Amino acid sequence: MTTMENPTAHGSGNAATDKFKSERVTSDTSVERASAIYKDLLDALAGIVDKHQVTYDEYRVLKQWLIDVGEYGEWPLWLDVFLEHEIEKVHYNRKGFTGTKGSIEGPYYVPDSPKLPSKCTMPMREKDKVAPPLVFKGQVTDLEGNGLPGATVELWHADEEGFYSQFAPGIPEWNLRGTVEVDENGNFEITTLEPAPYQIPSDGPTGWFIKSYGGHPWRPAHLHLMVKAPGKRTITTQLYFQGGEWVEDDVATAVKPELILDPQPNADGVAEVTYNFVLDPEA
């Protein structure tokens, strides 16, 4: 990971890029499929240039911006904000999922978070404990509603200031990250804090891009989840909060009606919500 002295777009972007580069993913895309995709991409770009009569000055601005995105390490950020929601939608539909709706993974996922028992509290600092707590519980089931022992619910989210551990300075490595092992009936109960809406890093090229068209850089408060079980398809999703800021206008276009929570005070006055994850069988 890139070490950062300040939580800037440059630092956060470079950390996300370093993480992505370390994975070195590959694809089995055939030459024929690659050729068809590239042709359509270039044809689409040519159509945009012609439709809007793009000038040489505008072209040069674009070229410089593309260079800046790379130098700031922001390609994972920009692509995850503006393109991943379409990739995720195609993936979900193409695979024939019928269980829990998916959503984008985003650039701040880190694998191998600490394992936690089915009833647990997320790792957090003392300062995090002043934020309003949230009890998040539910069950992992198959399509018939049977609980899935052996399932895991991996949870990660930003702190009350909108920063993610391992991507901003001064935060413990696994803060607000954990892999919860459900009980014999597939149940879990996690105490964490209520996340807040936050701006994606906006002091770099991604922010300049948004500003150029009069947009905003805000994401609604959300929880990231990756849910797995033996013999089932993994689902990656995000959960949002009813009535929250930016739920209707997410910069990443990732909110879905099925993924909106409505926490209510429990007997102790703590916000509590139940959400069940339904997993499809492996193809």
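Residues numbered from 1 in each chain as written. Predicted model: local features only at pLDDT ≥ 70, side-chain atom pairs only at ≥ 80, totals over all residues. Heavy atoms only, no water.

## Section: the environment of V182
No. 1: Locating V182 in the fold gives a position in the loop between strand 5 (177-181) and strand 6 (187-193).
No. 2: Expressed as a C-alpha distance, the spacing of V182 and L261, which sit 79 residues apart in the sequence, is 20 Å.
No. 3: Setting aside its immediate chain neighbours within four residues, V182 contacts S118, V140, L148, P149, G150, A151, V153, N187 and F188. (Helix = DSSP H or I, 4+ residues; strand = E, 2+ residues; numbered from the N terminus. Contact = heavy atoms within 4.5 Å.)

## A few points about the packing of aromatic side chains
No. 1: Counted by the stated rule, this structure contains 20 aromatic pairs.
No. 2: Ring plane angle 75° and centroid distance 6.0 Å describe the contact between W65 and W75, whose orientation is recorded as edge-to-face. Here W65 is found in helix 3 (residues 56-71), whereas its partner W75 is found in helix 4 (residues 75-82), with 10 residues between them in sequence.
No. 3: Ring geometry for Y164 and Y198: centres 5.7 Å apart, planes at 85°, overall edge-to-face. Of this pair, Y164 sits in the loop between strand 4 (152-156) and strand 5 while Y198 is found in strand 7 (residues 198-199), placing the two residues 34 residues apart along the sequence.
No. 4: When its relative accessible area of 8% is taken as the criterion, Y198 is described as buried.
No. 5: By way of ring pairs, the aromatic residues W65, W75, W78, F82, F209 and Y213 are connected into one cluster.
No. 6: One cation-aromatic arrangement involves R233 over F97; the distance from NZ or CZ to the ring centre is 5.0 Å.
No. 7: Cation over ring: K256 sits above Y92, and NZ or CZ is 5.8 Å from the ring centre. (Phe/Tyr/Trp six-rings, centres within 6.5 Å; stacked < 30°, edge-to-face > 60°. Buried < 20%, exposed > 50% of the residue type's maximum accessible area, 1.4 Å probe, protein only. Lys NZ or Arg CZ within 6 Å of the ring centre and 35° of its normal.)

## Some points on a nonpolar patch on the surface
No. 1: A surface patch of nonpolar side chains, amounting to about 890 Å² of accessible area, comprises V49, V54, Y56, Y59, L62, L66, W75, L79, L83 and I87.
No. 2: Within the residue set of the nonpolar patch, elements represented by two or more residues are helix 3 and helix 4.
No. 3: With 4 residues, helix 3 is the single largest residue contributor to the nonpolar patch.
No. 4: Among the structural elements, L83 can be located in the loop between helix 4 and helix 5 (84-94). (Patch = residues over 30% accessible without salt bridge, like charges linked within 9 Å, V, L, I, M, F, W, Y side chains within 5 Å. Areas by Shrake-Rupley, 256 points an atom, 1.4 Å probe, with all protein chains shown as cover. Salt bridge = Lys/Arg side-chain N within 4 Å of Asp/Glu carboxyl O.)

## Points about unusual backbone geometry
No. 1: Residues other than glycine seldom take positive phi values, yet Q166 does so here, at roughly 75°.
No. 2: For Q166, the location among the structural elements is in the loop between strand 4 and strand 5.
No. 3: The exposure class of Q166 is buried, given its relative accessible area of 16%.
No. 4: Of note in the backbone geometry, L176 takes a positive phi value of approximately 60° without being a glycine.

## Details of the sheet that holds strand 10 (residues 235-241)
No. 1: Spatially, the 6 strands line up as an open sheet ordered 1-5-4-9-10-11, and their pairing is mixed. Among the strands making up the open sheet, the edge pair consists of strand 1 (115-116) and strand 11 (260-261).
No. 2: Pairing of strand 9 (residues 223-228) with strand 10, which is carried by 5 bridges, proceeds in the antiparallel orientation. Bridged to M226 within strand 10 is T236. (Pairing = 2+ DSSP bridges.)

## Observations regarding the UniProt feature "domain: Intradiol ring-cleavage dioxygenases" (unreviewed entry) in the protein
No. 1: When the UniProt feature table is mapped onto this chain, "domain: Intradiol ring-cleavage dioxygenases" (unreviewed entry) is found at residues 136-164.
No. 2: A helix fraction of 0% and a strand fraction of 38% characterise residues 136-164, whose end C-alpha atoms lie 19 Å from each other. (UniProt positions renumbered as here; feature names shortened; annotations may be inferred.)

## Thoughts on the pairing of strand 6
No. 1: With 3 bridges connecting them, strand 2 (residues 119-121) and strand 6 associate as parallel partners. In the sheet register, K119 faces strand 6, and the bridge partner there is E189.
No. 2: Summarising the sheet, strand 3 (residues 133-141) and strand 6 pair through 7 bridges and their orientation is antiparallel. Among the inter-strand pairings, P133 is bridged to a residue of strand 6, identified as L193.

## A look at the pairing of strand 5
No. 1: When you tally the buried positions in strand 5, you get 4 out of 5 residues, the bulk of the element.
No. 2: Bridge analysis of strand 1 against strand 5 gives 2 bridges, and the strand direction is parallel. Across the sheet, the residue bridging to K115 is T179, located in strand 5.
No. 3: Relative to strand 5, strand 4 is paired through 5 bridges, and the arrangement is antiparallel. Counterpart to L155 in the pairing with strand 5 is G178.

## Side note on the environment of A131
No. 1: Within the secondary structure, A131 sits in the loop between strand 2 and strand 3.
No. 2: Residues A131 and E160, spaced 29 residues apart in sequence, show a C-alpha to C-alpha distance of 6.6 Å.
No. 3: If we skip the residues at most four places from it in the chain, A131 touches E160 and L193.

## Concerning the confidence of the model for the protein
No. 1: In the predicted model, the protein carries a mean pLDDT of 92, and 95% of its residues have values of at least 70.
No. 2: Scored below 50 in pLDDT, residues 1-6 shows 17 contacts in the model against residues more than four places distant or in partner chains. (pLDDT = per-residue confidence, 0-100.)

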